[in-house]
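Commentary on secondary and tertiary structure
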Amino acid sequence: MADSVTSQCPYCGVGCGLELLPPAQPGRPVRRDGEGHPMWSARGDRAHPSSQGQVCIKGATVGETLAGGRLSQPLYRSSMEDPFEPITWDNAFDLLAGRIRSTLASKGPGAIAMYGSGQFHTEDYYLAQKLFKGAIGSNNFDANSRLCMSSAVAGYTRSLGSDGPPCCYEDLDHCSVAFLIGTNTAECHPVLFQRLLKRKKKDPKGLTIVVVDPRATETAKIADHHLAIAPGTDLMLLHGLARLILKDAGFNADFIDEATEGFAAFSQAVESWTPRRVAEACGITEKQLRAVARLWCRKPAVLSLWSMGVNQRREGTAVVGGLINLHLLTGQIGHAGAGPFSLTGQPNAMGGREAGGLAHLLPGYRLVGNADHRAEVERAWGFQLGSIAAQPGLAAGEQVEAMERGELDLWWVAATNPLVSMPELDRLKAALRNCPLVVVSDAYADTETSHYAHLLLPAAQWSEKAGAMTNSERRITYCPAFRQPHGESRADWQVFAELGRRLGFEQQFSYDSAAEVYAEFAALSAGRLCDVSGLSHELLSEHGPQQWPFPSGSEPTTESKRLYSDHRFATPSRRARFMAEQPLGLAEPPCEAYPLVLTVGRYLGHWHTMTRTAKVERIQSMHAEPRLEVHPDDAKRFSLEADGIAAITSRRGTLTARITITDRIRSGSVFLPMHWGFTQEHACEANALMHGEACPISKQPELKATAVVVAPAVSVIRPQEQTSHRLQALRRLFSPAPR
Ligand SMILES: Nc1nc2c(c(=O)[nH]1)N[C@H]1C(S)=C(S)[C@@H](COP(=O)(O)OP(=O)(O)OC[C@H]3O[C@@H](n4cnc5c(=O)[nH]c(N)nc54)[C@H](O)[C@@H]3O)O[C@H]1N2
Ligand SMILES: Nc1nc2c(c(=O)[nH]1)N[C@H]1C(S)=C(S)[C@@H](COP(=O)(O)OP(=O)(O)OC[C@H]3O[C@@H](n4cnc5c(=O)[nH]c(N)nc54)[C@H](O)[C@@H]3O)O[C@H]1N2
Ligand code: SF4
Ligand SMILES: [Mo]
């Protein structure tokens, strides 16, 4: 019997520690998944400081998802109308290197782009930067973090001088107020929610919980104050709170004086947000507003937690700024239980940011636009000075626009499934047909995006490749390879390295192991806020997960670290900055023709586009199909019946879903899950309805709100692809996917 191994859960950004047990255990039959593959099982790793043995249903069932429905070899077709044919890796690399060379000669590096993912390991992310920004000379590397955390990245950078969540999970045990805004923690960061719940039960008076969400989610159920604000009114609420704190003299004058700048402009900006105006705009009572403002003034430690309800907004960066303002105003940052804490979505979106995985970043929280930063990276990478372009590359949405204009000759999608997760799906589908070479690297065969690819590359996934991941509290866990890569699949970093060598950069891309790649990245982070130069695969596997900063020579510890305890921030003046934007509200507010706001989010059991969680029976039976949540008043108004079918129409299209009538949602809003793409039996392409209007600073699209109208429908409308014979035929080529 092989021993058990420990790793980080490959799902959400809580980054729980998992202990994996091999399929064969003494005296027991070999455990197998639904397709008969031998199956590792997972349980909580008690020694992991972030989760202390806790897991949720996704982590606990990850073993069931790893082997079935996998892509086992590279496949190619020259036209999207043709069937795929198997090709060798060697031919796939020839094709890629050839196309990159010819595109560089004809159109230049700007015509090549990659769209990657917070589900890469840090090593994958890092080598993708070196390949694109260094070897190819194109900053067109962006990731699905653009749809997820980029408003938090921009918000931290503007207010505190650098990206990087300042808090740690221990703060959940020390805060006197938990201010949860735009986060359904109970379903999306379940292990953190359980930690908060446990504390609340033990010490109901010592902890006050505020939840700001248009829906009465599972999270809101434990709130002392649930502010069910109208969608898109968060910044008004935050300004209203700031104004009350100012009037009540609940601010921390010493902190403002010692550690901040921009106070005058900020206090002027919030002046007009009177309690009456805010209550009216947000759809709450003045009393509720005043009660919550008092909490910010009178309690020793306020911790705010936020996620997509804040970030996915056309003013996402401004809302993050408005939230950090409250922390600066009250001095609630840098001590136990206090601070602004973004809950990262994906398991390694944090590592991606550290490795420079957005179009304007370079490794070590460096910026493409900074000449010194470029030179530091060029030197470390061994490329000529000037190899890295000085302009930020195309962000995710801009990559799609470039395809529309025929300006991209190669779009490489890796570890993300944009044909479910990006807004304006129909527009994306059309854009893809306008790109001569679409490459998709994925672990599974039958993803929605694979149906729009020319070249499919099988990816070895978590459990089959070694690497590091950073969770929301800046803790890095070593994730070992404990299973054989499926079929011919290869780790993403290996693919990027091989291509780098084939493009003539033999020396820059010679690595024998992921540990070598990590060592190079770690060295490059020295002296930066996210310094991990003291870390290595070896240290992490020997001493367990560690938080950054971890400069060279640091001692391993399980004690939690916080940033900015000395109240010196990462700005040039070392002062944190107040922001002073005025609220804009929704990009597409409800109107006569489209009177409801559709919001799109997540279910507890499912992970994103279900390539993994649809394989778990227990999860499938928890969430048998996507449901449209409608308030009873709206159901009456639009003649909708419980369990009937609704047609939901936005300016971009129509889809159908079964109806749940519930007062958990605010009247005037409806909710759909994001999970069901067109390959699923109960397809419900919510993002076909969503608009792509984005925050001008973070470029993060407003995936949380679009105006719709609903009506009863007679029957289900299936997406076009689901019924297409051509695409059905393609599926036969893939290894059998259970469904
Ligand atoms: N089970 C599960 N967990 C996950 C994931 C998953 O797919 N499944 N994905 C992971 C990822 S990548 C991410 S980014 C996180 C996302 O985690 P969350 O952000 O917590 O999840 P969402 O359901 O997208 O949205 C959160 C809440 O925002 C609310 N909301 C909508 N509009 C507004 C608004 O205008 N203001 C406010 N204040 N709230 C609003 C919604 O009602 C919803 O309850 O989850 C991570 N964890
Ligand atoms: N309307 C609306 N839209 C949303 C959201 C929302 O709240 N509302 N949320 C947005 C957010 S926050 C996010 S993060 C995105 C998530 O959206 P996606 O990133 O599209 O979702 P996933 O299903 O996680 O896609 C990951 C893909 O990578 C594959 N994969 C897994 N491991 C590996 C690997 O090691 N290598 C490779 N190459 N592939 C691998 C998986 O099989 C899967 O196909 O959706 C966004 N879209
Ligand atoms: S809470 Fe997140 S990291 Fe923890 S087990 Fe669940 S999905 Fe995995
Ligand atoms: Mo996310």
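Numbering of residues starts from 1 in every chain and runs along the sequence as written. Both sets of labels track the order of writing: A upward for chains, 1 upward for ligands. Reporting of local features is limited, given that this is a predicted model, to residues whose pLDDT is at least 70; pairs of side-chain atoms are given and counted only at 80 or more, and all residues count toward the totals for whole chains, interfaces and linings. Note: side-chain values were computed over all heavy atoms of the structure, leaving out hydrogens and water.

Helix and strand labels come from DSSP, where a helix needs a run of H or I of at least four residues and a strand needs a run of E of at least two; each type is numbered from the N terminus. Each helix and strand counted, the chain has 25 helices and 28 strands in total. With the radius of gyration taken over C-alpha atoms, the globule rule is written as 2.2 Å times the number of residues to the power 0.38. Taking 739 residues into account, the globule formula puts the C-alpha radius of gyration at 27 Å, and the chain, at 25 Å, falls close to it. If one aligns the C-alpha atoms of the chain with their principal axes, the spans along those axes are about 70 × 65 × 65 Å. Whether two residues are in contact is decided by their heavy atoms, any of which lying within 4.5 Å being enough. A sequence separation of at least 24 residues applies to 74% of the contacts in the chain between residues at least 6 apart. Here the chain has roughly 25500 Å² of accessible surface; of this, 49% comes from carbon and sulfur atoms. Note on charges: Lys and Arg go in the positive column, Asp and Glu in the negative column, and His and the chain ends are not counted at all. A charged residue contributes its charge at one atom only: NZ of Lys, CZ of Arg, CG of Asp or CD of Glu. Taken as two groups, the 76 positive and 78 negative side-chain charges of the chain have centres that lie 4 Å from each other. Accessible areas in this description were obtained via Shrake-Rupley with a 1.4 Å probe; residue shielding takes into account the shown protein chains only.

What follows is about the sheet that holds strand β19 (residues 467–470). With antiparallel pairing, 3 strands are arranged side by side in an open sheet as β19-β20-β21. Looking along the sheet, the strands with just one partner apiece sit at the ends: β19 and β21 (546–547). When strand β20 (residues 475–479) meets β21, the two strands line up antiparallel, connected through 2 bridges. Along β21, the bridge assignment pairs I476 with Q546. One bridge is not enough; two strands pair if DSSP finds at least two bridges between them.

This part takes up helix α21 (residues 514–524). Here's how the labels work: a residue is buried when its accessible area is under 20% of the maximum for its type, exposed when over 50%, partly exposed in between, all with a 1.4 Å probe on protein chains only. Buried within α21 are the following residues: A514, V517, Y518, F521, A522 and L524. Buried residues of α21 fall within an arc of 160 degrees about the axis and therefore sit on the same side. Each C-beta atom gives one direction from the helix axis, and the arc is the one those directions make.

Okay, the sheet that holds strand β13 (residues 339–342) next. Spatial strand order, β10-β9-β8-β12-β13: 5 strands in an open sheet with parallel pairing. Edge positions in the sheet fall to β10 (225–227) and β13, since each of these pairs with one other strand and no more. If you compare each strand with its neighbour and ignore which way they point, the axes differ by 15 degrees on average. Relative to strand β9 (residues 208–212), strand β8 (residues 177–181) runs parallel, the two sharing 5 bridges. Residue F179 lies in a different strand from β9, and its bridge partner there is V210. Where helices are involved, their axes are fitted lines through C-alpha atoms of the stretch in contact, as for all axes, and angles between N-to-C directions lie from 0 to 180°. Across the sheet, helix α4 (residues 150–160) lies against β12 (302–306) and β13, angled at about 155 degrees from β13, the strand it touches most.

Turning to unusual backbone geometry, a few remarks are in order. For the bond running from W548 to P549, omega is 5 degrees, close enough to zero to count as cis. Residue position: P549 is located in the loop between β21 and β22 (576–577). Residue A415 is not a glycine yet carries a positive backbone phi of 65 degrees. When you line up the elements, A415 lands in the loop between β16 (410–414) and α18 (418–421). Its relative accessible area of 22% is what places A415 among the partly exposed residues. Phi at S463 takes a positive value of approximately 90 degrees, unusual for a residue other than glycine.

Attention now goes to the nonpolar core. The criterion is simple. A nonpolar core is a set of buried Ala, Val, Leu, Ile, Met, Phe, Trp, Tyr and Cys residues joined through side-chain atoms within 4.5 Å. One finds F179 and W412 to be the most contacted residues of the largest nonpolar core, which totals 115 residues. Each of two domains, domain 2 (75–147 + 347–513) and domain 3 (150–342), supplies a minimum of three residues to this core. If we skip the residues at most four places from it in the chain, W412 touches L96, A113, M114, Y115, F132, V439, S441, L457, V495, F496 and L499. Ranked by size, the runner-up nonpolar core spans 58 residues in total, among them Y115, A635, L655 and C684. Boundary definitions for the domains trace back to an automatic or database domain assignment.

Right, let's get into the site of ligand 1. One heavy atom suffices: a residue is near a molecule or strand as soon as one of its heavy atoms comes within 4 Å of it. Around ligand 1 there are 34 residues in total, and D213, D234, M308, R602 and H606 lie nearest to it. N or O atoms closer than or at 3.5 Å make up a polar contact, with two conditions inside protein: a donor-capable atom paired with an acceptor-capable one, and, for residues adjacent in sequence, both atoms drawn from side chains. At 2.9 Å from an oxygen atom of ligand 1 is found a main-chain nitrogen or oxygen belonging to H608. For ligand 1, an oxygen atom lies 2.8 Å from a polar atom in the side chain of K704. Isolated, ligand 1 exposes 910 Å² of accessible area, and the fraction of that covered by the protein chains is 99%. Put simply, Ala, Val, Leu, Ile, Met, Phe, Trp, Tyr, Cys and Pro go in the nonpolar bin, Asp, Glu, Lys and Arg in the charged bin, and everything else, Gly too, in the polar bin. Of the residues in the shell around ligand 1, the class split is 11 nonpolar, 15 polar and 8 charged. Counting only domains with at least three residues in the shell around ligand 1, you end up with domain 3 (150–342) and domain 4 (596–726).

We now examine the site of ligand 2. Contacts to ligand 2 come from 32 residues, most closely from Q119, S421, D442, T609 and N687. One of the side-chain N or O atoms of D442 is found 2.6 Å from an oxygen atom in ligand 2. Protein chains shield 99% of the accessible area of ligand 2, which is 920 Å² for the free molecule. Taken together, the residues that form the shell around ligand 2 break down as 13 nonpolar, 14 polar and 5 charged. Shared between two domains, the shell around ligand 2 holds at least three residues of each, these being domain 2 (75–147 + 347–513) and domain 4 (596–726).

The periodicity of an α-helix, 3.6 residues per turn, causes residues three or four places apart in sequence to face the same way. The complete set of buried residues in helix α19 (residues 425–432) reads L425, L428, K429, A431 and L432. Along the long axis of α19, the arc covered by the buried residues comes to 160 degrees, so they all point the same way. Where the residues of α19 are buried, they touch α17 (396–404), β16, α18 and β17 (437–442).

As a further point, take the domain arrangement of the chain. Splitting the chain by domain gives domain 1 (1–68), domain 2 (75–147 + 347–513), domain 3 (150–342) and domain 4 (596–726). Here domain 1 and domain 4 have C-alpha centroids that lie 31 Å from each other. For any pair of parts, buried area is found by adding up, for both, the accessible area (1.4 Å probe) each one loses once the two are put together. Interface of domain 1 and domain 4: buried area, both sides summed, is about 990 Å²; carbon and sulfur atoms make up 69% of it. Together, Y11, I57 and K58 form the three largest contributors to the area buried by domain 1 at its contact with domain 4, with a combined 51%.

Here, a salt bridge means any Lys or Arg side-chain nitrogen found within 4 Å of an Asp or Glu carboxyl oxygen. For the structure shown, the criterion picks out 39 salt bridges. In this structure, R433 and E81 form a salt bridge, with 3.1 Å as the shortest nitrogen-oxygen distance. A residue pair is termed long-range when its members are at least 10 positions apart, and R433 in the loop between α19 and β17 and E81 in the loop between β4 (75–76) and β5 (85–86) qualify at 352 residues. Taking relative accessible area as the criterion, R433 reaches 43% and is therefore assigned partly exposed. If you follow the salt bridges from partner to partner, you end up with D90, D94, E498, R501 and R502 in one network.

Turning our attention to the pairing of β8. Summarising burial for β8: 5 of the 5 residues are buried, a large majority. Where burial is concerned, the two faces of β8 agree: the one with V177, F179 and I181 and the one with A178 and L180 are both buried. Relative to β12, β8 runs parallel, the two being bridged by 5 bridges. Looking at the pairing, A178 lines up with L303 of β12.

Counting buried positions along strand β23 (residues 596–601) yields 6 of 6 residues, so the element is predominantly enclosed. Of the two faces of β23, the one carrying L596, L598 and V600 and the one carrying V597, T599 and G601 are both buried. One ladder, built from 3 bridges, connects β23 with strand β28 (residues 706–713); its direction is antiparallel. In the strand pairing of β28, L596 is matched with V708. Here β23 runs beside strand β27 (residues 669–673); their pairing, made up of 5 bridges, is parallel. Bridging from a neighbouring strand, G601 pairs with P673 of β27.

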